[in-house]
Amino acid sequence: MYRLRELERTDLAEINRWRNDPELICCLGAPFRYISPDVDMKWYDDYMARRGNAIRCAVTRAENQDILCLVSLTDIDYISQSAQFHIMVGSEINRGKGIGTFAVHTMLRHAFANMNLRRVELSVLEDNQRARALYEKAGFVYEGTKREAVYKNGGFQNLRIYSLLKDEFEKTEWGGVTGEQPGSRIPDYCISRVSDVNSKKWIIRECDAVFHPSVVQRNDFNSLFRKIDAFGEFMAAYDSQILGFIVFYANDQRDGIAYITLLAVKTAYQGRHIGQRLLNECRALSRRRGMRLLKLEVNRDNAQAIRFYERNGFHFAKRYTDSGVYMEMELW
């Protein structure tokens, strides 16, 4: 799993390597230049001297401090309540792992929920299809094109301008709790899909105290985890730490049945609609996959969990085991 923290001086060596990578800079609006470590040190010192009008953060894995991505809000205007958004995912091996998605959603939440901004704007090269898809999925609205606005790679290129307003963000799946009315408060946590195998295992261990009996102490845990990693959908709720997660399967194209295998919210964070939102994300993705029915098994003695599922539309199925009962709900 990933976390967001403020940029630190120790990150500069890695950032300097990124800025001297022509292939990476080719995808950004800025021109390629050879940049010495001293230049980046001065850039960082200037940032620290003017933190009032910029926010620069690093995305790291939850278990270490190594920077994976640089994400920033610059030119913050507290009168107009606006800012410019920038992002750079450095190494090629870290792309396509949800880091950019995490960075966009988490920084937007910070901009709107903590910094009281109203508008976030960005520009992107017209031929950077990957970045455009990321921004459009996050809810950014295309406003227009600046023709031949930047000179790169021996020619002038167009820049597309996008923006996102606070009320628009609140209506997205990342900006508001599913089921609440548009304009309701922005929850102080995020939900994201997890793809990294080590992060999945770490999250399950982090939340294992919620399960009775323990999941990680099951004799078949290793085989269960291999199945989860290979075929399951894994989503986690987090702020500065893991709050909860859900694992489910939505790949039964023959019968159209999705199945929840694990759902947990840490005890200290229950009552914040985290479980409901994780469940809503599961239902939404299962519907998009064409599933018609969502099933799960719950311990027959877990009255709290049974009430939770009943409140969210589940009913008892005829099938049961010695220790558990099956519940299901129709998705269509």
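Preceding this paragraph is the structure being described.
The model shown is predicted, which means the values in this text are computed figures rather than measured ones. (Residues numbered from 1 in each chain as written. Predicted model: local features only at pLDDT ≥ 70, side-chain atom pairs only at ≥ 80, totals over all residues. Heavy atoms only, no water.)

## Quick word on the nonpolar core
Thought 1: Among the nonpolar cores identified, the biggest contains 54 residues, and Leu-73, Phe-85, Ile-87, Tyr-135, Phe-140, Ile-204 and Phe-245 are the most heavily contacted of them.
Thought 2: Looking at this core, the element that brings in the most residues is helix H4 (residues 99-114), giving 8 residues.
Thought 3: Apart from residues no more than four positions distant in its own chain, Ile-204 is found in contact with Val-215, Val-216, Phe-221, Phe-225, Phe-234, Phe-245 and Leu-262.
Thought 4: Grouped together as the second largest cluster of nonpolar side chains are 30 residues, Phe-248, Tyr-269, Val-298 and Phe-308 included. (Core = buried A, V, L, I, M, F, W, Y, C linked by side-chain atoms within 4.5 Å. Buried < 20%, exposed > 50% of the residue type's maximum accessible area, 1.4 Å probe, protein only. Helix = DSSP H or I, 4+ residues; strand = E, 2+ residues; numbered from the N terminus. Contact = heavy atoms within 4.5 Å.)

## Quick word on helix H7 (residues 197-206)
Thought 1: Of the positions making up H7, those classed as buried are Ser-199, Lys-200, Ile-203 and Ile-204. Viewed along the axis of H7, the buried residues span an arc of 135°, placing them on a single side of the element.
Thought 2: Where H7 begins, the capping side chain belongs to Asp-196, and its oxygen is found 3.3 Å from the backbone nitrogen of Asn-198. (Arc of directions from axis to C-beta. Polar contact = N/O pair within 3.5 Å; in protein donor to acceptor, adjacent residues only side chain to side chain.)

## What about the packing of helix H1 (residues 12-19) against helix H3 (residues 37-49)?
Thought 1: Following both chains from N to C, one finds H1 and H3 inclined at 120°, their axes separated by 10 Å at the closest point. For the element pair H1 / H3, the angle class is oblique. Crossing hand, H1 versus H3: right-handed. Contact residues: H1 offers Leu-12, Ile-15, Asn-16 and Arg-19, while H3 offers Pro-37, Asp-40, Met-41, Trp-43 and Tyr-44. (Axes fitted to C-alpha atoms, helices over the stretch in contact; angles between N-to-C directions. Parallel < 35°, antiparallel > 145°, perpendicular 65-115°, else oblique. Left-handed = near helix turned anticlockwise from the far one by under 90°.)

## Structural notes on the environment of Tyr-2
Thought 1: Among the secondary structure elements, Tyr-2 is positioned in strand E1 (residues 2-6).
Thought 2: Each C-alpha atom, one on Tyr-2 and one on Asn-64, is 9.5 Å from the other, the two residues being 62 residues apart in sequence.
Thought 3: Ignoring sequence-local partners within four residues, the contact set of Tyr-2 consists of Val-59, Thr-60, Arg-61, Ala-62, Leu-68, Lys-97, Gly-98, Ile-99, Phe-102 and Tyr-238.

## Focus on the pattern of salt bridges
Thought 1: Under the criterion given, the structure shown has 19 salt bridges.
Thought 2: For Asp-11, the salt bridge goes to Arg-5, with nearest N and O atoms at 2.8 Å.
Thought 3: Residue class for Asp-11 comes out buried when judged on its relative accessible area of 3%.
Thought 4: Relative accessible area serves as the criterion here: at 7%, Arg-5 is assigned to the buried category.
Thought 5: Across the pair Asp-167 and Arg-118 runs a salt bridge whose closest N-O atoms are separated by 3.6 Å. Linking Asp-167 in helix H6 (residues 166-170) with Arg-118 in the loop between H4 and strand E5 (119-125), this pair joins segments that are 49 residues apart in sequence.
Thought 6: A residue is classified by how much of its surface remains accessible, and Arg-118, at 37% relative accessible area, is partly exposed. (Salt bridge = Lys/Arg side-chain N within 4 Å of Asp/Glu carboxyl O.)

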